[in-house]
Amino acid sequence: MTTLTLNLNPIIKLTDDQFFQLCQENENIRLERTAKGELIIMSPAGGETGNSNAGLTAQIWIWNESHKLGKVFDSSTGFKLPNGADRSPDASWVKLERWDALTREQQKKFPPLCPDFVVELMSPSDSLKETQDKMKEYRDNGAVLGWLINRKSRQVEIYRLNQEVEVLESPATVSGEDVLPGFILNLESIW
């Protein structure tokens, strides 16, 4: 996935509604916005990455359907983080009580919260440092648990609130811990 950063701030500062509208009018382009207001334009994922991401989201969805503890989101969902950034994790989950506390209007647009759980699945062209920075941003904005899955190195970096990053080498599975109780991600189909 190739990314391009565009700084419009010297010319225009997009409001949240304008950014949402921009994303709606350009639905074939994945857009994110940094806390500084810079636009990040990302190309669509390739076939292998898209397939792995679908499998990842499906596993979380199936677990959530049986537990009914929250809402699952795919990579097309944008979230308005507390620091002002608009981000779209590859997969994410929000506790039901936090989701239900949002207004209907907030649920329709980019929900103004950081998901409780986030996953980033690296594409071959993704920068490891930029993706790690994104994971730290999620953690710093309230994500309780996050996984950075690096298929190339077969590593999973685990981000937990107020803790150091843990790195797993070639794990067969990874646990949702107490955030997603009983969820075990099978990485066989992801690698």
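Here is what the cut-offs are and how they apply
Residues numbered from 1 in each chain as written. Predicted model: local features only at pLDDT ≥ 70, side-chain atom pairs only at ≥ 80, totals over all residues. Heavy atoms only, no water. Helix = DSSP H or I, 4+ residues; strand = E, 2+ residues; numbered from the N terminus. Rg over C-alpha atoms; globule rule 2.2 N^0.38 Å. Contact = heavy atoms within 4.5 Å. Areas by Shrake-Rupley, 256 points an atom, 1.4 Å probe, with all protein chains shown as cover. Phe/Tyr/Trp six-rings, centres within 6.5 Å; stacked < 30°, edge-to-face > 60°. Core = buried A, V, L, I, M, F, W, Y, C linked by side-chain atoms within 4.5 Å. Buried < 20%, exposed > 50% of the residue type's maximum accessible area, 1.4 Å probe, protein only. Pairing = 2+ DSSP bridges. Axes fitted to C-alpha atoms, helices over the stretch in contact; angles between N-to-C directions. Expected span 1.5 Å × (residues − 1). Disulfide = S-S within 2.5 Å. Polar contact = N/O pair within 3.5 Å; in protein donor to acceptor, adjacent residues only side chain to side chain.

Q: What exactly am I supposed to notice about the overall build of the protein here?
A: For the protein, the count of helices and strands is five helices and 13 strands. Radius of gyration (C-alpha) of the protein: 16 Å, near the 16 Å computed for a compact globule of 191 residues. Taken along its principal axes, the extent of the C-alpha atoms in the protein is 50 × 35 × 30 Å. Long-range contacts, defined as pairs at least 24 residues apart, comprise 56% of the intrachain contacts of the protein with a sequence gap of at least 6. Put simply, the protein shows about 9,900 Å² of open surface, and 52% of that area lies on carbon and sulfur atoms.

Q: Is there a simple way to explain the packing of aromatic side chains in this structure?
A: How two aromatic rings sit relative to each other is set out by the distance from centre to centre and by the angle between their planes. Overall, the coordinates contain eight aromatic pairs when judged by the stated rule. An aromatic cluster of at least three residues, connected via ring pairs, comprises Trp 63, Trp 93, Phe 117, Trp 147 and Phe 183.

Q: Where do I start with the nonpolar core in this structure?
A: One broad trend across soluble globular proteins is that nonpolar side chains are buried collectively. Core analysis: the biggest nonpolar cluster contains 22 residues, and Phe 117, Trp 147 and Ile 149 have the highest contact counts within it. When contributions to this core are tallied by element, the ones reaching two or more residues are helix H2 (47–67), strand S7 (91–95), strand S8 (117–121), strand S9 (145–150) and strand S10 (155–160). Not counting the four nearest positions on each side in its chain, Ile 149 is found in contact with Leu 56, Val 119, Glu 120, Leu 121, Met 122, Gln 155, Val 156, Leu 185, Leu 187, Ile 190 and Trp 191. Counting residues in each nonpolar core, the second largest holds 16 residues, with Phe 79, Ala 85, Val 94 and Met 122 among its members.

Q: In this structure, what is going on with the sheet that holds strand S11 (residues 166–169)? I would like to understand it.
A: Picture the strands of a sheet paired through backbone hydrogen bonds; they go either parallel or antiparallel. The mixed open sheet is built from six strands, whose spatial order is S4-S7-S8-S9-S10-S11. The sheet is open, and its two edges are formed by strand S4 (70–74) and S11, each paired on a single side. Going across the sheet, the axis of each strand differs from the next one's by a mean of 15°, ignoring polarity. Judged from the five bridges that link them, S4 and S7 form a sheet pairing that is antiparallel.

Q: Can you help me understand helix H5 (residues 128–140) in this one?
A: Taking 1.5 Å per residue, 13 residues should reach 18 Å; H5 reaches 18 Å between its end C-alpha atoms and fits that length. Listed as buried for H5 are Thr 131, Lys 134, Met 135, Glu 137, Tyr 138 and Arg 139. Tucked inside the fold, the buried residues of H5 contact strand S2 (30–33), strand S6 (86–87), S8, S9 and S10. In the segment just after H5, Gly 142 is the residue with positive phi, at about 115°.

Q: Help me understand the environment of Glu 188 in this model?
A: Within the secondary structure, Glu 188 is located in the segment after strand S13 (184–186). Between the C-alpha atom of Glu 188 and that of Leu 128, which follows or precedes it by 60 residues, the distance is 22 Å.

Q: Please clarify how the state of the cysteines should be interpreted in this entry.
A: Throughout this description, disulfide means a covalent bond between two cysteine sulfur atoms. Taken as a whole, this structure holds zero disulfides when the rule is applied. Here Cys 23 is not cross-linked by a disulfide; its sulfur's nearest cysteine counterpart is in Cys 114, at 17 Å. Taking the relative accessible area as the measure of exposure, Cys 23 reaches 11% and is therefore buried. By relative accessible area, Cys 114 is classed as buried at 2%.

Q: Help me understand the environment of Ser 88, please; the structure alone is not making it clear to me.
A: With respect to the helices and strands, Ser 88 occurs in the loop between S6 and S7. Look at Ser 88 and you get buried, because its relative accessible area is 7%. On a C-alpha basis, the gap between Ser 88 and Glu 32 in space is 6.8 Å, while along the polypeptide they are 56 residues apart. Excluding anything up to four places from it in sequence, Ser 88 contacts Arg 30, Leu 31, Glu 32, Ser 75, Thr 77, Gly 78, Glu 120, Lys 134 and Tyr 138. Among the polar contacts made by the side chain of Ser 88, one reaches the main-chain carbonyl oxygen of Thr 77 at a distance of 3.3 Å.

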